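So the chains spell out like this:
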Amino acid sequence: PHDSTPASRGDVPAGGDPPRRAAGLPSWVTGPDHRSRWALVLLALLSGQFLGFGLWEAWRDAPTNDEPVIISAGVTALTRHDLRINTEHPPLPKVLAALPVLAAHPIIPNDAAWRKGSGAFTAEFVRENQRAGKLREIVFLARLIPLLESLLVGLGAYALGAALFGRLAGLL
């Protein structure tokens, strides 16, 4: 009673053969609209360009005036479980940015500067790590998480735009 041929299921376009699918790939990649595939290729290229330029600039640029404060506060929050170095902002962004910094084994002062607090500790943190030749690597590593967050926000905006208006519109 129930016909299960491709034509009865609506898999065959009117007057044509069924669409070909690459083995193992989902339909959103191999769908009949080739412009959708180009949108995904363009998204990948733009994301790669963003990431490439972001990494390049993260390595080349000097620290901004607030980065040492954020990095030193995040490192001390992670290593000493102490949030007093910078109480102006919530600790989560500072801690997230400092996570990759721990791989560089930064020098964390434990002297009078630590007891004085924010300004003195940050200056000593920068001075000690610059002397040890680690400051550039520390700043670069601290910039990786915000770069990743920016990339994910862009991909999320694409996904929302693509879901609402189509893959090409998602690129706008």
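The structure displayed is predicted, hence computed values, not measured ones.

Asks: What is the right way to look at the packing of helix α4 (residues 67-80) against helix α5 (residues 91-98) in this model?
Replies: The packing of two helices is summarised by the inter-axis angle and the distance between the axes. Close contact between α4 and α5 brings their axes to 8 Å; oriented N to C, the two are set at 85 degrees. Considering the angle they form, α4 stands roughly perpendicular to α5. Residues Ile 70, Ile 71, Ala 73, Gly 74, Val 75, Ala 77 and Leu 78 of α4 touch α5, and the partners they reach there are Lys 94, Val 95 and Ala 98. Looking at the contact of α4 with α5 residue by residue, the class counts come to 8 nonpolar, 1 polar and 1 charged.

Asks: Explain unusual backbone geometry to me, please; I cannot follow it from the model alone.
Replies: Most peptide bonds adopt trans geometry, and most residues besides glycine take a negative phi value. Phi at His 81 takes a positive value of approximately 55 degrees, unusual for a residue other than glycine. Along the chain, His 81 falls in the loop between α4 and α5. Residue His 81 is classed as exposed on the basis of its relative accessible area of 68%. Positive phi, close to 50 degrees, is recorded for His 105, a residue that is not glycine.

Asks: Help me understand the side chain of Thr 76 in this model?
Replies: As for its placement among the helices and strands, Thr 76 is situated in helix α4. On the basis of relative accessibility, which here comes to 0%, the residue Thr 76 falls in the buried class.

What counts as what
- Residues numbered from 1 in each chain as written.
- Predicted model: local features only at pLDDT ≥ 70, side-chain atom pairs only at ≥ 80, totals over all residues.
- Heavy atoms only, no water.
- Axes fitted to C-alpha atoms, helices over the stretch in contact; angles between N-to-C directions.
- Helix = DSSP H or I, 4+ residues; strand = E, 2+ residues; numbered from the N terminus.
- Parallel < 35°, antiparallel > 145°, perpendicular 65-115°, else oblique.
- Contact = heavy atoms within 4.5 Å.
- Nonpolar A, V, L, I, M, F, W, Y, C, P; charged D, E, K, R; others polar.
- Buried < 20%, exposed > 50% of the residue type's maximum accessible area, 1.4 Å probe, protein only.

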